[in-house]
Protein chains: 4
Amino acid sequence: MTDRVYLLERYDDVRRYTEQLAAPLSAEDQTVQSMPDVSPTKWHRAHVTWFFETFVLASNEAGFTPFQDTYWFLFNSYYEAVGPRYARAMRGVISRPGAHDVGGYRHNVDARMRELLTRVDEDTLTKIAGTIELGFHHEQQHQELLLMDIKHALSLNPLQPTYAGGLIGGDADRLGWKEYNGGLVEVGHESASDGPFCFDNELPRHQAWLPPYRLADRLITNGEWLEFMADGGYARSELWLSDGWSRIAADGWDSPLYWALQDGVWMEHTLAGTHPIDENLPVCHISHYEADAYARWASKRLPTEAEWEHAARFEKVVAANLADDQTWHARAAGAANGSLRQLFGDCWEWTSSAYLPYPGFQPATGAIGEYNGKFMSNQMVLRGGCAFTPTGHARSSYRNFYPPSARWPLTGVRLADDG
Amino acid sequence: MTDRVYLLERYDDVRRYTEQLAAPLSAEDQTVQSMPDVSPTKWHRAHVTWFFETFVLASNEAGFTPFQDTYWFLFNSYYEAVGPRYARAMRGVISRPGAHDVGGYRHNVDARMRELLTRVDEDTLTKIAGTIELGFHHEQQHQELLLMDIKHALSLNPLQPTYAGGLIGGDADRLGWKEYNGGLVEVGHESASDGPFCFDNELPRHQAWLPPYRLADRLITNGEWLEFMADGGYARSELWLSDGWSRIAADGWDSPLYWALQDGVWMEHTLAGTHPIDENLPVCHISHYEADAYARWASKRLPTEAEWEHAARFEKVVAANLADDQTWHARAAGAANGSLRQLFGDCWEWTSSAYLPYPGFQPATGAIGEYNGKFMSNQMVLRGGCAFTPTGHARSSYRNFYPPSARWPLTGVRLADDG
Amino acid sequence: MTDRVYLLERYDDVRRYTEQLAAPLSAEDQTVQSMPDVSPTKWHRAHVTWFFETFVLASNEAGFTPFQDTYWFLFNSYYEAVGPRYARAMRGVISRPGAHDVGGYRHNVDARMRELLTRVDEDTLTKIAGTIELGFHHEQQHQELLLMDIKHALSLNPLQPTYAGGLIGGDADRLGWKEYNGGLVEVGHESASDGPFCFDNELPRHQAWLPPYRLADRLITNGEWLEFMADGGYARSELWLSDGWSRIAADGWDSPLYWALQDGVWMEHTLAGTHPIDENLPVCHISHYEADAYARWASKRLPTEAEWEHAARFEKVVAANLADDQTWHARAAGAANGSLRQLFGDCWEWTSSAYLPYPGFQPATGAIGEYNGKFMSNQMVLRGGCAFTPTGHARSSYRNFYPPSARWPLTGVRLADDG
Amino acid sequence: MTDRVYLLERYDDVRRYTEQLAAPLSAEDQTVQSMPDVSPTKWHRAHVTWFFETFVLASNEAGFTPFQDTYWFLFNSYYEAVGPRYARAMRGVISRPGAHDVGGYRHNVDARMRELLTRVDEDTLTKIAGTIELGFHHEQQHQELLLMDIKHALSLNPLQPTYAGGLIGGDADRLGWKEYNGGLVEVGHESASDGPFCFDNELPRHQAWLPPYRLADRLITNGEWLEFMADGGYARSELWLSDGWSRIAADGWDSPLYWALQDGVWMEHTLAGTHPIDENLPVCHISHYEADAYARWASKRLPTEAEWEHAARFEKVVAANLADDQTWHARAAGAANGSLRQLFGDCWEWTSSAYLPYPGFQPATGAIGEYNGKFMSNQMVLRGGCAFTPTGHARSSYRNFYPPSARWPLTGVRLADDG
C-alpha cells in the first residue's frame, strides 16, 4: 500500500526546502542568467513546480486547467514531447512572472497537489506515486543547481556579494590509498520497482569486469593543485587531452574557476564570500580536462565509474558534507580513518567514464523518458555528491553527468591507480 | 550671472522624471537586458547618477569620495578616460545593486548635488553650470532610452506585459508636400556659450548648399507600409541596399520590429500592450535599410539632415507628441495644416546622412569629449524626436544617430524628393 | 633480425600508393580545403612525408638538415612536442609549396629514407623499425583521409566533378542475425612488440564482460534508410540524442550527407559522380547521432566496440571491399552466407562506445605519444574499415574514432541487439 | 559614330593585361581565397569574362548559349537580378574550372566578343558601346583587386613568396601644404553620355559649399607612422573612433597590416617580398580608423571627398605611380614641386566622407544598376588610385569605397586642415 502520509510530508519538506534556499536571494538575484548553462533562481522555482503540474496534475486532477497557459511554455526545460519551449539562453530576459509571482504559482500547485494526495483513490495513488517520487528527486537536483547557478551569477558581480555561510578550515591528512581486488562485480542500482528510489540511468544492475585497482582515500587539495600549477600544469601540452588544451588557448584557463590572483594572493569566490585559498580544502570547480591533466601529472588516473561504485558500496553516507550542513563549500578531509573520506558530499568527483547507457537500459515511456537517456552523449560521469547536494540525495549508484569542459558545477578530483 | 535657482529646480525636475518613468517597472523588469544594445532600467537610473557624481561632484565636492568604488566601474558607459568599465553586454548579470539600492544611490547623489548647488560660490557655479546642464540633457536621453529598452525586453516575454498608456487612433490625412528653394543655407545650432543648450555635435553652425527639394508633410503610415509589404517590399532585392538585403536573409525580416501575424491579423507590440495594426498610425521601429527601401519603392528618397533642419527652422515645437503626452506611441497625423505634421515627436526620422562631424567640429576637452564625437562612424542621423522624448529635449538642430540596422529605437519615415 | 628488404619494399609500396591516389587530382583540386575538418590533398602528401623526416630522419640521418625549415611548421598536424604549427583551418590558404613542389619534397625524403634503410647498421635498424612501420600505417590512414576529404571538396562544386570509378550495384539479401554468448572475453590486440602491427590505442589486451548479444549480418541499406525517413525519422525528437536533435535544428539535416533531392529523386554524390540512390547499397555518410536514431527507430541498438571485436575475431578479412577494389564506394551485401557480411570494408561502423583508453593504456613516449591518446574525449569508436581503407589496414582490433557529429567519413550502420 | 576599331583594340588590351597580371601565379596561387573579402585569381579572371558574356553577349549574340550553365552561377559576383550565385566566402573551395580551364573560357568569350564587335550593325554597336566600355573599366577594377587579393593570400604563407618587382626607395621631402579658398564648387564628373567614361556614382555633377582648407602635398610616410606608434598611437583611446578602438581590442592591431616585428626590426610584406620598413615610403594598408586616428594625433583631419576632388581638378595624372610602372608598391614622394605629390597612384587616400549617393543620383536600369548604388552604406570614400591601379583608370572624380575597417586594399593617408 502506498504511503499517503509519507508522500504528503515528503512533498512539503522538499518544496519548503527550495524556498528556504531561495530566501536569501533578492528579486533581482533570482532574475539573472549569467550564461546559457545556468538558469535564474526563479526559473528553477517555477520549473520544478511545472514538473508536478505537468506530469502529475495534468492527467490526474479533475477538470485540470493550467495555472497559466504561458507557464507551460516558459517553464518547460527540455521535454520535446510536452511541446515547444522558451529558448534556454533567454531565460534571463523573462522579468515576469517575478519572484513573488512564482511564489504564487508554487502556492497554487502545492494546494492542488495536497488536495490530490489527500483525496485521490488508492489505486491511482499507487499508479502515480513513482512520478511524484521522481518529482521530489527532480526538485532536489534543481536545489543543487540553484546553488551552483547563483554562485556563478554572483561571481561576476564586482560587488562580491555573498549568499550565506562561512568556510570551515581544518586539516587534510596525507593522502592514502585503498586497494580493491576487482573481478566480476555488480554495477547499478538494485531495483526500481520497490525499495529506495533511483533514476532510470542507474539501471539495470549488471555485471562488469574490474582489474585490481586502488582509490585515493580523499580528494585532491588546493595545496596539491598549487603544486601542479607551480610545475607548469596549465602550460604543458603533454598533460592534456587535445580538447582540453584547446580550451586553455581559447578561454585562458590558468587556475580553477573562481580563483583570482589579487596582489600576489590566490583568492577564491565562494557562496560565503571571497577568501584566500586554504591549502587544506579540496580543489573545486575544475573541469574534467583539468582533473584528467592533474591525474596524468601525478602519474595516476581518474577512477572509472564502476570502480568508484564498487568501492562506494562498502561505505556509509554519514557525516558527509551535504547541503544540510550549510557549509556551502567543500571541507577539509580531516584525519585518515580507513574509509574513503569525502566520498558522499564536498565535491562531485569526475570519473574517466563517458556517460553512456548501461547494458539493457530502457528509458521510461512518454515525456518522462527524456529525463536522462537523451543526454548520453559528450558528457562524463561524476559520482558522490557535493556540499550543495540535499541530504538523502546521495547514494553509491547515483550517476551525475556534465560536459568535460564544465567548471561551474561543484566538482573535485579523487585519484585512482591500477592495483 | 548663472541662475542658481534654475539649476536647483531643473535638477529636481529631471531627476524626478526618471524615477517617475521607472515607477511602473518591477525590480525584475529593471534588471533584465534583452540584447547587448539595450540596458537594464536600473542601470540607466544608476548611470545618469554616476554622470553627476563623476563629472560634477568628483572635482567640486570638498573631500569627495565615491558613494561606492565599485559603482565607478559598474556604471561607466563608455568613457575610456574615466577608467575601465563593466562589459556592456553583461549588464543584465548584475543583480546588485538592486533597484532599491539604486534608489539609495540616487538619493545620496541628489542630496550632495543640492548641497553643492546651494553652497558653491558664484564663480565655480558659472564654471560648472555647462556640465550640469549637459547632465540634464544626458539624463533626458537616457529617459528616452529607458523606454525604448524596456519595450524591447517586454516584447520578448510571452506573457505580453504592458508598461502603461493606451494607443490613440485618429485620421492620417493624405500625404502632402512642402517645397523648399534651398541655396546656401545655415546648418547647426546657433551657439553653445550662451543661449539655449545644444550638444557639441550640433556645432559649429556652418553653410551648406542645398538644391531645391520637397518634404512630405507627414510620416508614412502603417497602411502605406502594408502596401509596400503587399507589393513584395521585403522580397525584391532591387529595392535594398546590399547590407540591408543581407540582414533580411540573416534575420528573416519581413515586417517592422514588434509586428507579428496572429491568425491572419498583423499585431503590434507597444508599451500599452499588443494591438491590431492601426493603418492610420505611423509605421514605427523600422531600420534605416527599411526606410531607404520604402523610399526607393515609392520613387522618392529620404531627406538629408541639412534639408530636414533647414525646413524645421520654420516650424514650431508645439503640440508635438512627446513623452509628456504619455501616449507612449506615435499618433495619427490628423488634418493637413500647411506645416510639417509630426515633425517634433511621434517617431525619430531617418535621414540619408551619415553621422559625421560638421566642418570645424571640436569635441569638448577631457572625458566629456567622448560624449558624441567618437561615435561618428557607421551610423545614420535621425531628426525630430519621438513619443518617448522628454518635452524640451526636441529642437531643429538635434542630431540623433543609430546604426542603419537598428530597429528598437522608435523610428519612422518621412519622404523627400528633388524640387 | 629486422627485415631490411621488407622495410625497403614496403616503404616504396606505401609511398607509391599515395601518389597513385593523388594522380587524378589537378593542382587546384589538391589545394582546396572545404572545411576545417578536412585537409588539402597536397597537404596530406606533404604531411606523411614530414612524418618520416621528423620521426625517422631527424634523429638518424648523419648531418641532418630539414628539406625546408618552413615545412617543419607547415606540415606538422598536431604534435605539440615538435613545435608550433600552421593553423589547421588555414591549410587551404597555402598555395606554395604547390602540388609539384610537394612531389619534390617526397622525392627528396624518399631518397634519403632509402639511403638510410640501405646503409644503417643492424642495431639502429632494429631500434627504428617500429617507428618506420608506424609511418607506413600513418600514411595509410592519410590515404583514406585524402579520399574522404577530396570527396567533400568535390561535393561542393556545382560542376559535379568525379574522381574515378563507378558504382557497383547488386542485391542486399535480407538482414539476418548472428548470436554470441558473450561472457568474459578478451579485447585488444595481442601484442605490439612482435607479430603484426597495431596502434597503441588497441592495447593492452584485457578482459571484458559481455552479456549475450546479437549482431546484424549486414549493413543497413539506403532502402531501409528511406523507410526511416518516410516514417519521420528526422522529425521525431524521441528518436534522438539531445545533441543530435540540436544538430538537426542548427544544420537542417534531413538525409545523409551527399544526398540531394532533385526533381523528386534522391541523388547521391560519390567519387564516381552523382547518381540516383540505389536501395541495395549501404547507407553512407551518416553521423553517430543518425546511426543511433535509426537503431532506436528499429527498436535495436548499436554494438559496443567489445561486442564488435569479439564477433570479428571469428571472421576473415577476405573479399572485403577496400581501396584495392577501386570501387570507391560501399557495395551491396550480396547473399547471406553465415558470416558477418561487409564487416571489413564498405563503411566504418559506428559503435555505442565512447573512445576511451583501455585499462592500463600507456601512450608511447615522446611526440609519438600524441598519436592517439590525446584525442580520447568527445569521440565515438568506429570499427571495420571502408571502401577507402588501404588493403592490409583493416583488422578486428582496429579502433577508428570520430566526433559523433562527423558525416564526411565513409560511415555506415550495423545493428545489434541483446541476446 | 561609335569607334569600332577603338573598341576592338581596347578590348584586346584590357583582356590581355589581366592575363599578364595572372601570369606569375601558379594554378595553386590562383585557387586560394585567404578571407571572405578577397577572391581567387582565377575567379577574377572568370568573373570579368562572365560580365561580357552576361551583359553583352547574352542579349546581342545570335543563338546565344552560355559557355557553361554552371559558370553563370559560379562567376556572378553580386548581381541579384541575374539569378542565384555561389556563396562568396566559398570561392576558395571551387577547384574546377582550374586556372587552365578559365583560360579556355576567356578564349571562347574573347573570340565571340571579337566576332560581335566586328560584325554587329552600327546601331546596335552604338547601343551596346556603353556597356562594353563599362566592361573595360570593370575588368580594370578587378585587375587592381586581383593584386590586392593575391598580396593578402601570399602574406599568410610562411614561405614568404614574392609576386614580382622590387621596392624603389628615395627621399620623401618634408611635408608641405597647399591652400584652397573653397566656396561654391562643382563636384562630380562632367557627363556620362559623351566624353570620357565615368561610373554612375560619379554623377550627377553638382554644387557643394567648401570653407577654405589646406591639403598636405604628399602622403604620410612610414617614418611618420613610426612616430605615431612610438607615441602610443595604438594605445590611446582618445585618438580613436569607438568602432576603431573596438577593432584594436578584438584584432590586436598594433601596426599597419603586413608589418611584423622580427628581431627588433619592423618588416613589411610586399608583392616584391618582405623587406625592412623604409621610412621614406608612404605608410600603406591602414584602415580608415587608423588614418583618422593618425590625423587626430597630428591635430589635423582627413579631407572630405569634395575637398580632394576640387583640389585634384587642377592636377595632372602624369608620372603617377600606377600599375604600368610595375613597382607594385607605393614610392617615395621625391622633392616638393608645388603640386600635390602622389595624388594619382601610390595609395588610395581615405577621405572623411561616407560613401553616399550624390544629390540626384540615378543608378543605371537593370542588373547593371547594382554596380555601385547598393553599396552606399557603411563604407568610406577613397580617392586617387594606387600602385595597383591600371593606367588610365585614375581620374579626379573617381570614387573608390571600402568599409572603414578594411586594411587589405592599398591605402594611405593624406592630411587636410581648415584653411
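For clarity, every value in this text was computed on a predicted model and none was experimentally measured. (Residues numbered from 1 in each chain as written. Chains lettered and ligands numbered in written order. Predicted model: local features only at pLDDT ≥ 70, side-chain atom pairs only at ≥ 80, totals over all residues. Heavy atoms only, no water.)

### Quick notes on helix H5 (residues 122-155) of chain A
Given 3.6 residues per turn, any residue in an α-helix points the same way as the ones three and four places further on.
Residues and elements named next belong to chain A.
At step 1: A rise of 1.5 Å per residue sets the reference length of H5, with its 34 residues, at 50 Å; its end C-alpha atoms lie 48 Å apart and thus fit the reference within 8%.
At step 2: At isoleucine 128, H5 shows its largest bend, some 45 degrees.
At step 3: Counted residue by residue, H5 has 26 buried out of 34 residues, so it is predominantly covered.
At step 4: The N-cap of H5, judged by a side-chain oxygen 3.1 Å from the amide nitrogen of aspartate 123 a few residues on, is aspartate 121. (Helix = DSSP H or I, 4+ residues; strand = E, 2+ residues; numbered from the N terminus. Expected span 1.5 Å × (residues − 1). Bend = angle between axes of the 7 residues up to and from the residue. Buried < 20%, exposed > 50% of the residue type's maximum accessible area, 1.4 Å probe, protein only. Polar contact = N/O pair within 3.5 Å; in protein donor to acceptor, adjacent residues only side chain to side chain.)

### Quick look at the interface of chain B and chain A
At step 1: Of the residues lining the interface, 34 residues belong to chain B; the matching set on chain A comes to 34 residues.
At step 2: Summed over both partners, the interface of chain B with chain A buries about 2,400 Å², with 61% contributed by carbon and sulfur atoms.
At step 3: Counting across the chain B and chain A interface gives two salt bridges.
At step 4: Residue arginine 96 of chain B is joined to aspartate 29 of chain A by a salt bridge in which the shortest nitrogen-to-oxygen separation is 2.5 Å.
At step 5: Inspection of the region where chain B meets chain A yields 10 residue pairs in polar contact (both at pLDDT 80 or more).
At step 6: Broken down by secondary-structure element, the contributors of at least two residues to the side of chain B that touches chain A are helix H3 (69-74), helix H4 (99-119) and helix H5 (122-155) of chain B.
At step 7: Looking at the side of chain B that touches chain A element by element, the count peaks at four residues for H3 of chain B.
At step 8: Residues of the side of chain B that touches chain A, tallied by class, amount to 19 nonpolar, 11 polar and four charged. (Contact = heavy atoms within 4.5 Å. Buried area = accessible area lost by both parts, 1.4 Å probe. Salt bridge = Lys/Arg side-chain N within 4 Å of Asp/Glu carboxyl O. Nonpolar A, V, L, I, M, F, W, Y, C, P; charged D, E, K, R; others polar.)

### Structural notes on the relation of the copies chain B and chain A
At step 1: Rotating chain B by 180 degrees and moving it 0.0 Å along the rotation axis overlays it on chain A with an RMSD of 0.0 Å. The superposition operator between the copies reduces to a two-fold rotation axis. For chain B, the residue whose C-alpha comes nearest the rotation axis is glutamate 28 of chain B, separated from it by 2.6 Å. (Least-squares fit on C-alpha atoms with pLDDT ≥ 70 in both.)

### Topic: the packing of helix H6 (residues 222-230) of chain C against helix H8 (residues 288-297) of chain C
All names here are of chain C.
At step 1: It is at 11 Å that the axes of H6 and H8 come closest, and there the two elements cross at 75 degrees. Compared by their axis directions, H6 and H8 come out roughly perpendicular. Together, Glu224, Trp225, Glu227 and Phe228 of H6 and Glu290, Ala291, Ala293, Tyr294 and Trp297 of H8 make up the contact between the two elements.
At step 2: When grouped by side-chain class, the residues that make up the contact of H6 with H8 number six nonpolar, no polar and three charged. (Axes fitted to C-alpha atoms, helices over the stretch in contact; angles between N-to-C directions. Parallel < 35°, antiparallel > 145°, perpendicular 65-115°, else oblique.)

### Points about the environment of aspartate 13 of chain A
At step 1: Tracing the backbone shows aspartate 13 of chain A in helix H1 (residues 4-22).
At step 2: Sequence separation between aspartate 13 of chain A and phenylalanine 136 of chain A is 123 residues, and the spatial gap between their C-alpha atoms is 9.4 Å.

### Considering the pattern of salt bridges
At step 1: Counted by the stated rule, this structure contains 136 salt bridges over all chains.
At step 2: In this structure, arginine 45 of chain B and glutamate 19 of chain B form a salt bridge, with 2.9 Å as the shortest nitrogen-oxygen distance. Taken together, the positions of arginine 45 of chain B in helix H2 (residues 41-60) and glutamate 19 of chain B in helix H1 (residues 4-22) put the pair 26 residues apart, joining distant regions of the chain.
At step 3: Glutamate 19 of chain B gets classed as partly exposed once you look at its relative accessible area, which sits at 28%.
At step 4: A salt bridge links arginine 247 of chain C to aspartate 251 of chain C; the shortest N-O distance between them is 3.2 Å. One end of the pair, arginine 247 of chain C, and the other, aspartate 251 of chain C, are both in helix H7 (residues 242-251), four residues apart, so they sit about a helical turn from each other.
At step 5: Note on arginine 247 of chain C: relative accessible area 34%, which makes it partly exposed.
At step 6: Residue classification places aspartate 251 of chain C among the partly exposed residues on the basis of a relative accessible area of 42%.

### A word on the relation of the copies chain B and chain D
Turning one copy of the chain about an axis and sliding it along that axis gives the other copy, so a rotation and a shift relate them.
At step 1: The operation relating chain B to chain D is a screw motion whose rotation component is 180 degrees, with 0.0 Å of axial translation and a residual RMSD of 0.0 Å.
At step 2: Counting the interface residues of chain B, we find that 100% of their copies in chain D are interface residues as well, pointing to one common contact surface.

### Quick look at the interface of chain B and chain D
At step 1: Taken together, the contact pairs 27 residues of chain B with 28 residues of chain D.
At step 2: When chain B packs against chain D, the two sides together hide about 2,000 Å² of surface, and 57% of this comes from carbon and sulfur.
At step 3: Summed over the shared surface of chain B and chain D, the number is zero salt bridges.
At step 4: For the pair chain B and chain D, the interface holds 10 residue pairs in polar contact (both at pLDDT 80 or more).
At step 5: Those elements that place two or more of their residues in the side of chain B that touches chain D are strand S3 (206-210), helix H7 (242-251) and strand S8 (348-354) of chain B.
At step 6: Its residues placed into classes, the side of chain B that touches chain D shows 14 nonpolar, nine polar and four charged.

### With respect to the arrangement of the chains
At step 1: For chain B and chain C, which are not in contact, the least C-alpha distance works out to 14 Å.
At step 2: No interface is formed between chain A and chain D, the nearest pair of C-alpha atoms being 14 Å apart.

### Digging into the nonpolar core
At step 1: Counting 205 residues, the largest nonpolar core has Trp225 of chain A together with Trp225 of chain C as the members making the most contacts within it.
At step 2: In terms of residues, this core owes the most to one element, H5 of chain A, which gives 13 residues.
At step 3: Contact partners of tryptophan 225 of chain C, with chain neighbours within four places excluded, come to Ile220, Tyr234, Pro256, Trp259, Val283, Ile286, Glu290, Ala291, Tyr294 and Val413 of chain C.
At step 4: In this structure, Phe228 and Leu271 of chain B together with Trp350 and Ala387 of chain D belong to the second largest nonpolar core, which totals 203 residues. (Core = buried A, V, L, I, M, F, W, Y, C linked by side-chain atoms within 4.5 Å.)

Read these as layout, nothing more, since geometry by itself doesn't imply function.
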